Every structure is written in structure tokens, then in C-alpha cells.
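Here's the letter readout for the chains.
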Amino acid sequence: MCSPPLHSPEIIYSWVFNEFPSFVAEDSRRFISQETGNLYISKVQTSDVGSYICLVKNTVTNARVLSPPTPLTLRNDGVMGEYEPKIEVHFPYTVTAARGTTVKMECFALGNPVPTISWRKVNGHNPSKARLRKSQAVLEIPNVQLEDAGMYECKAENSRGRNVFRGQLQVYTYPHWVEKLNDTQLDSGDQLRWECKATGKPRPTYRWLKNGVPLWPQSRIEMVNGVLMIHSVNVSDAGMYQCLAENKYGTIYASAELKILASAPTFPLNQMRKTIIITKGQEVVIECKPQASPKPTITWKKGDKALRESKRITILPHGSLRILNASKSDEGRYLCQGVNVFGSAEIIASLSVKEPTRIELTPKKIELTVGESIVLSCKALHDSTLDVTFYWTLNGQPIDFEKEGGHFESIKAQASSADLMIRNILLMHAGRYGCRVQTAADTVSDETELLVRGPPGPPGVVIVEEITDTTATLSWSPGADNHSPISLYNLQARSPFSLGWQTVKTVPDMISGDMESAMAVELNPWVEYEFRVVATNQIGTGDPSAPSRVIRTNEAVPKTPPANVSGRSGRRHELVIAWEPVSEEFQNGEGFGYIVAFRPNGTRGWKEKMVTSSDASKFIYRDESVPPLTPFEVKVGVYNNKGDGPFSPIVVICSAEGEPTAAPIDVKATSLSVSEILVAWKHIKESLGRPQGFEVGYWKDMEQEEAAEKVKTEGNESSILLTGLEGNTLYHLTVRAYNAAGYGPPSTAVRAATKKSPPSQAPSNIMWIQDGSHVSLGWEPVRPLPNESDVMGYKVLFRQEGQSNSQVIETQKTSAVVLLPDVGVYIIEVCAVSEGGDGTASPQIRVPSFSGGKVTSAQSTLHVLSTSSSSVTLLLALMVPSASW
């Protein structure tokens, strides 16, 4: 026994065996009831001996409480024999559950052997959603519904017998509104009827409250099955009412307010004074609907006299006045008065009767062709005292002149007429055109029919009836002829290989307008096609039909051989045969390939080789016994899974001539700069193995020939300039010829060393004197390092700021005079010149020129870029006037 403490809300039970956290595992022999917390062991075993503690856990707070330990000992005074099941745990005889909740019913039995538990619903099947838990000791029914209610049976069974328990599951529902109340306003003396409806199990009962106080039946008040009736309501009945629907499981409320109206008659402002204009013969209703409670008594006057009703003039039940077949005699002033116990009110209306408006729309029926124009004329005959307004419609809808792309224009020539101009008519402009004339008294309209002839509409769905390798039988349904009979059809096709839609040949050659099928011919086998149909009539050619489904023509033997069969260069003893591959459009089926046939000139038998790739464009035949430039007759055929196709015309092709056999002679290598060597050679002409170009290999003195870098020439070149080399480095060089067959023997290696690097030191201590446009420059000489080229002279580079090309002055001295040709700012640099190239340039000098090449008498100015003790002599020399330099 667990004997749990008082608790709220639900708790979960478990049992600790001997010590925490060793828990009792539930199985067919052991069961913990989640209703009582008790632990049941159907058949005790030696392993069950120990101490048991009941643990309860609050599902909300997760708080835990442990019971005092309960020891279980094993008696030695006897042995328990086998016995039939005894149900110790079972669900109540009556289980009640709310619809939508989860029901859990427990059933566990003691017994030896251990009983087996089974469940069934008496007089029915267990719900499909039901689940058995804890070795079938718990039947769980989620989301229980009314149909799940009934008698359930738990059966415990072993080899000694069986035991059964039955209980009733009752499913209830809370009351639920089906029909609620609505706020209501009634006039004093009216009858109130309110009805509220609710469902529930058990069926709910109803009670009524008024202003929170129970309402009871009285002489004027009836309450039956949720219906409340109050006869002849008065002000005392106003208030807030509530309908209560309740059963044993709950109560629901519905509320509504009852207002009792009591007021003198009043009229809306829009009815107070109005002028009504109608035409002769019309019916008119003059409204008189005062707001009042209770309902007022209505009386009418014309002028000062009470209005007499007749067959033509009647007062309607709600108080308004109706006049049929109006005439001039009905014109005048009408007064309506409403009276009840609280007061009275009246309204006045003036009635004016005019001559009816008549309309004439011309022309009455028109037939036009797409692109033409027309003017519709609308004239109105109306009462001269009334203004008229014209409206144009197409098929009952107003014409939007701004959105119609300039096709429509409304022209009002006179006060009583209007024209509609329709320009460049389209098929969509066909239909009923209406002219509506509106006055203050009446509205009249007239219509005319416009029929537009145009090119045919698109034919219906194109169906492929039958397909062969070169034909397709097609059918279609005719489209709209747009009032001009279809004269002929044109059949078009599209494939992955066509440029859009193309007209195809058909049988018959001309497809007349009364035909709905034809055969497309001269199609290519094994090609996917789509088809469409275009109709033509006297007016023109219409839009095409929607494309048919994509179909593929049947396979056939290929009929197109490869084109441009020719030879290609190759290696010695090779015959290289090339051709233009056949387009997929002409392969005519799967398994497409080529048959290459060849024979030496003058022989009879053909050698044939299969090339299985449809994309192949060449075949190489190698035979060591074939001498170079042996002529062969060659043809290339085609085949696919359906069979062999034709061969191309026979052409004569020679076998490969072989690689070059002679090495170049007179190879010379000349160093040009720090990074360039010019290599030149001569080649002995050969009858076979003619070179396509030459390959130059070069490597450094300390490297092996295998590490050589290579550069190729093409054609009959006999020299090449090697660039990007390292300075002051010895290189070895060889030359060999090559062609498609391979490489010839290399020449004897030659040697050449690149120049030393140019000086890395820039000219320093630059000084200059500017005299007008003349700039006299001087600098210290550059002294190269041991591994650098000797200085051969200097370059002075100058350019105008913003330009990229510099002018150059070369000198072997350490001074120079620069004439600045134009006005502006000049940038000047100085660098040393050596056989290894130009050295590092000096920092840039910015010199302004104001005279642009003209000699002036401006004062000379000495400038120094950098000074040192070693530059004093140079400085003194520069101070001498420039004319003496």
C-alpha cells in the first residue's frame, strides 16, 4: 500500500527497491496503479525480497515525497500452489469522461501462473485508436468520443482458470451553443420571440434571467424549451436578458439586450423636401417612411385637399404613395403626414411630369473588316426643359475611352446628338453597342449590332493520330472563322534541329478549309516533332493552334553519309581519316555509328572498321608496314540498329609522312641583354618528315638537360628571341624540328651568357638651373657593382605632366641641357645606360615652364635635389651662366 499524502493536482507514482535510484520495473508480474499508488506482484519470487518505498511526484512543481520503507520477506512455512487469477485492480463500474479527453482504465490480477490480461468492448469492437499499456494492464483511449462509450470487459486468464470484470464507460459533453441571442429593438406593443439552442450530453435544460434576476412565466411571458415569448411588449420589458443552458457537467450563458422604442414621428433629411421629375406614362413612388414608435398613422394631401385613392393612385402599406401611368394632371405639391401618440411630422414633395424621351441610333446593323473604321450616330428627342447626357456601352459595359488605346472617341456634335468614332477596328470590338440617353426624368437606350470580319481564330487541339518513320497523320478541330469562311490550312512543325516553326509538306499538298486532318510527309526518322495548324481566310492568316504533344518518328536505316572525308597528319605508319559527323537529325535511330573502309591504291579488297561513337570525327589506322605518304582509297559509311546506310564518295588519302629526320645546323646563340638571347639556325630540306615548326630547349649551366625549358615556333621560322632569362647566367641551347608525327633529332648544344644586370644605383645629387625654358642638369656619376654592367652613358627622360610618352636625351657626360617645348609642368628623370639595359631612374623632378621654348632674360635659379660635401665642385660648375656650357 502507498497511502499517499493529500495532494493537488495529479501526482505520478513509482516505487524504489532497496535504495534510490533503483526503481521497480513494471511487467506482466508487477504493476503500479496510478489511481492508488499501490504496488501489486502477481507471483512473488525470491528476487522480490527487499525494502520498498513509495515515491510520489507532483506533475506541476516536480516536488517528490518518499513513504516509509515497507519490507517484503519470504516465508519458509509452506509453498504456494497454483491458483486461478484474482482481479485485484480494476476500473470503476461506471467511468465518466469528457469528450476529447484521454481515458485510462486499469486491470491487474494476482495468480499462479502469472495471468494474462485482455480487453474487449462488449457488443462492439475496441476503438482503433485504443492502446494497451503496461503489459496490457492499462487500456488507454485518447481523444474519447461519444461512439467510444459502452461496456468494457477486462479478462485475466492463466492455466488454472479465468476471471472477468465489466464496467461502463460514459462519455459526456459540456453544453455548447448552436443558436445564440441577438440584441433586439421593438416598438411598443410588438411581440418578442427569442430562441436559444444548445447541445450536450446529458441534454441541457434552459433558464432565463432578466437583469441578473430569474425570469418566471407570467400572463404575457412564456418560456418553453429555450424559447422566450413576450406578448405586447412595453417599456417595462426593456433590459438585459440571459439564457442559461446547463447539464450536470457545466453551464453556459448567452446574453442580449431588448430595447423598446417610443418616439414621435421624424423624417430623414433627404426626404424632407424633394422635387420628383418623371415622364408621361411612368410609375412613380413618393416615399413616406417616418421613423416612429409606435408606428404612426399616415395621411396624404395634394395641395390643400385630402388625396383620394383610386386604381391608379394608392397608399402602400408602409405609407408611401404610388401613382401608375402618370399624366400632366398628376403634377403638383404632395404632403405626407405621420401621427402617433407622441406627436406628428410631415414632408412635402413636388411632382413634375414631362414628355418622354425618344432615341434613334444609326446604323442599325454593321459588318466591317478588321482595320476599318465607323461612326455610330445617336440622336435624342426630349423635353426642351430637360438637359440630356449620352453614355456609350459595349455588350452592356461602359466604354472606357482612356483605356481603349485610341480606338474609341466620343464626339458630341449638338446638344441633342452624339457620335461614337471607332478607328482601326479589331475582332475584340465586335458586339452590341448601346447608346443611353439620360435626363432628370427618364433614361432610354438603344443598341446596334457590329459584326467584325477578320482572320480565323486558332484551330483546336492538334492530335497525332498515326506516326511512321517519315510521316505523321494529324487531326484538329476548326477554330472561329470570324465571319469569313476558312479557305485553307497550313501545317507547321518544330524540332530541336529547326529554326523555330517551319511549314512542312503535306498530303494533300493543299489543305482546304473544310478539312480537319492531313498527313505531314518527308519528316526525318527518329526525330522529336511538335505540330501546329494555322488557318487562312479571305481576310488573312490567323494565330496558330496550340502545339501538339511532342512525338518521335519511327527509326529507319540512315540515308545521309558523312561529308568532307579527308586525311589528317599523323605519326609514321599511320593513316588518319577524318570526316564531318552526321547531325543527330539525320542519324535516323539508336545505335548510330560509322563504317570506315580503306584500301591501298590499286588493290581490290576493302578493309572495314566500325566506329561506334556517333560523335566521332576521325579514325586512325596504324600499320608498321605502310611506308610514309602511301596513297589509300577511303570511304566512310553509316549504320544504326535498323541496318547499314550509304557510303560517302571515294577519296584518295596518303598515310603520314613521319617525323623529321635531320637536325638543324649552324645553330647560333647571341646575348642581347640581361634577359634576352637570340637563337638562329638553318634546316636541311627533306622529302619526307617535313617540319611544321621548331622547338628550342634551354637550361642553365649548373642544370641537367632534362630540366630544360622549351619554346616552340611554327612554320619556317629560323630564329627566336628568348626572353625572361636570368642576368649574368650561362645557358645551353638546342634546336629540333617537329611535325604531327613527332620530333626530329636535336642539334648540337650551343652556349650563350646573358649580360650583367644594369646598375642598381640611380644618379644622385641632381642639381639644375632653370633659365626660361632651358633647364641645365648635373649629377654625380653612377659607379656599378662588380656583378653589374659598366656605365656606357646616361638618359635624361622628360615629359609634360599628365602625358605618358617621354622624350629622351642621351649623353655620355654627367650633365645635360633640356629645352622644355611647351608651357606647363615637366617631370624629369635621369638613369644610367649599360649593355645590360637601363639602370634605376633618379627621383622625379617637377619643373614648371612659363615661356614654352622661348628664350627670355629671366633670372636663373639654382635648384638642388640633394647635396653633400662631394657635390661642391658640381654646384660651382652649375653656377656658370648656361651660355658658357
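These numbers were taken from a predicted model, which means no experiment stands behind them.

## Describing the pairing of strand β55 (residues 607–611)
Strand direction decides the pairing type here: strand β54 (residues 593–600) and β55, joined by five bridges, are antiparallel. For Val596, the partnering residue across the bridge sits in β55 and is Lys609.

## A look at the sheet that holds strand β18 (residues 205–210)
Spatially, the five strands line up as an open sheet ordered β15-β23-β22-β18-β19, and their pairing is mixed. Lying at the two open borders of the sheet, with one neighbouring strand each, are β15 (184–187) and β19 (213–214). In terms of strand pairing, β18 meets β19 through two bridges, oriented antiparallel. Looking across to β19, one finds that Leu209 is bridged to Pro214.

## Section: the sheet that holds strand β31 (residues 321–323)
Overall, antiparallel pairing links the three strands, which are arranged β26-β31-β30 in an open sheet. The sheet is open, and its two borders are formed by β26 (284–286) and β30 (313–315), each paired with just one other strand. Adjacent strand axes in the sheet meet at a mean angle of 20 degrees, parallel and antiparallel pairs treated alike. With three bridges joining them, β26 and β31 adopt antiparallel strand pairing. Considered in β31, the bridge of Val285 is made with Arg322.

## A short note on the confidence of the model for the chain
In the predicted model, the chain carries a mean pLDDT of 89, and the fraction of residues at 70 or more is 96%. Predicted confidence is poor over residues 853–859, with pLDDT under 50, and the contacts of this stretch with residues over four places away or in other chains come to 11 contacts.

## Here we look at unusual backbone geometry
In this chain, Phe20 is followed by Pro21 through a cis amide linkage whose omega measures 10 degrees. Position of Pro21 among the secondary structure elements: in the loop between β1 (11–17) and β2 (30–32). Backbone torsion omega between Ser293 and Pro294 reads 0 degrees, so that peptide bond is classified as cis. Residue placement: Pro294 occurs in the loop between β27 (291–293) and β28 (297–302). One non-glycine residue, Asn225, lies in positive phi territory at about 50 degrees. One can find Asn225 in the loop between β20 (221–224) and β21 (227–230). The backbone phi angle of His483 is positive, close to 70 degrees, even though this residue is not glycine.

## Here we look at the state of the cysteines
Counting across every chain of the model gives five disulfides. Across the disulfide from Cys107 sits Cys154; the S-S distance is 1.6 Å. Because the torsion about its S-S bond is -70 degrees, the bridge between Cys107 and Cys154 counts as left-handed. In this pair, Cys107 sits in strand β9 (residues 103–112) while Cys154 sits in strand β13 (residues 150–158), placing the two residues 47 residues apart along the sequence. What makes Cys154 buried here is its relative accessible area of 0%. Note on cysteine connectivity: Cys378 is disulfide-linked to Cys435, with sulfurs 2.0 Å apart. Every disulfide takes its handedness from the sign of the S-S torsion; for Cys378 and Cys435 that torsion is -85 degrees, giving left-handed. Residue Cys378 is located in strand β36 (residues 374–381), and its partner Cys435 is located in strand β41 (residues 431–438); the two are separated by 57 residues in the primary sequence. Take Cys378 and Cys435: they sit in the same class, and that class is buried.

## Section: the environment of Val375
By the secondary structure assignment, Val375 is in strand β36. By relative accessible area, which is 37% here, Val375 ends up partly exposed. Between the alpha carbons of Val375 and Gly742 there is a distance of 87 Å; along the sequence they are 367 residues apart. The residues contacting Val375, other than those within four sequence positions of it, are Thr362, Pro363, Asp419, Leu420 and Met421.

## Regarding the packing of aromatic side chains
To describe a pair of aromatic rings, one takes the distance between the centres and the angle between the planes. The tally for this structure, following the rule as stated, stands at 21 aromatic pairs. When the centroid spacing of 5.1 Å and the interplanar angle of 85 degrees are considered together, the rings of Phe91 and Phe165 count as edge-to-face. Taken together, the positions of Phe91 in the loop between β7 (83–90) and β8 (94–98) and Phe165 in strand β14 (residues 161–179) put the pair 74 residues apart, joining distant regions of the chain. A residue is classified by how much of its surface remains accessible, and Phe91, at 3% relative accessible area, is buried. Measuring from centroid to centroid gives 6.3 Å for Phe598 and Phe619, while their planes differ by 35 degrees, and the two rings are tilted. On the criterion of sequence distance, the pair formed by Phe598 in strand β54 and Phe619 in strand β56 (residues 618–622) is long-range, its members being 21 residues apart. By relative accessible area, Phe619 is classed as buried at 16%. Here a set of aromatic residues connected by ring pairs shows up, and it is made of Phe91, Tyr93, Trp119 and Phe165. Across the ring face of Tyr738, the terminal group of Lys712 is positioned such that the distance to the ring centre comes to 4.6 Å. The ring of Tyr743 carries the charged tip of Arg736 above its face, separated from the ring centre by 4.1 Å.

Parameters at a glance
- Residues numbered from 1 in each chain as written.
- Predicted model: local features only at pLDDT ≥ 70, side-chain atom pairs only at ≥ 80, totals over all residues.
- Heavy atoms only, no water.
- Pairing = 2+ DSSP bridges.
- Helix = DSSP H or I, 4+ residues; strand = E, 2+ residues; numbered from the N terminus.
- Axes fitted to C-alpha atoms, helices over the stretch in contact; angles between N-to-C directions.
- pLDDT = per-residue confidence, 0-100.
- Contact = heavy atoms within 4.5 Å.
- Disulfide = S-S within 2.5 Å.
- Buried < 20%, exposed > 50% of the residue type's maximum accessible area, 1.4 Å probe, protein only.
- Phe/Tyr/Trp six-rings, centres within 6.5 Å; stacked < 30°, edge-to-face > 60°.
- Lys NZ or Arg CZ within 6 Å of the ring centre and 35° of its normal.

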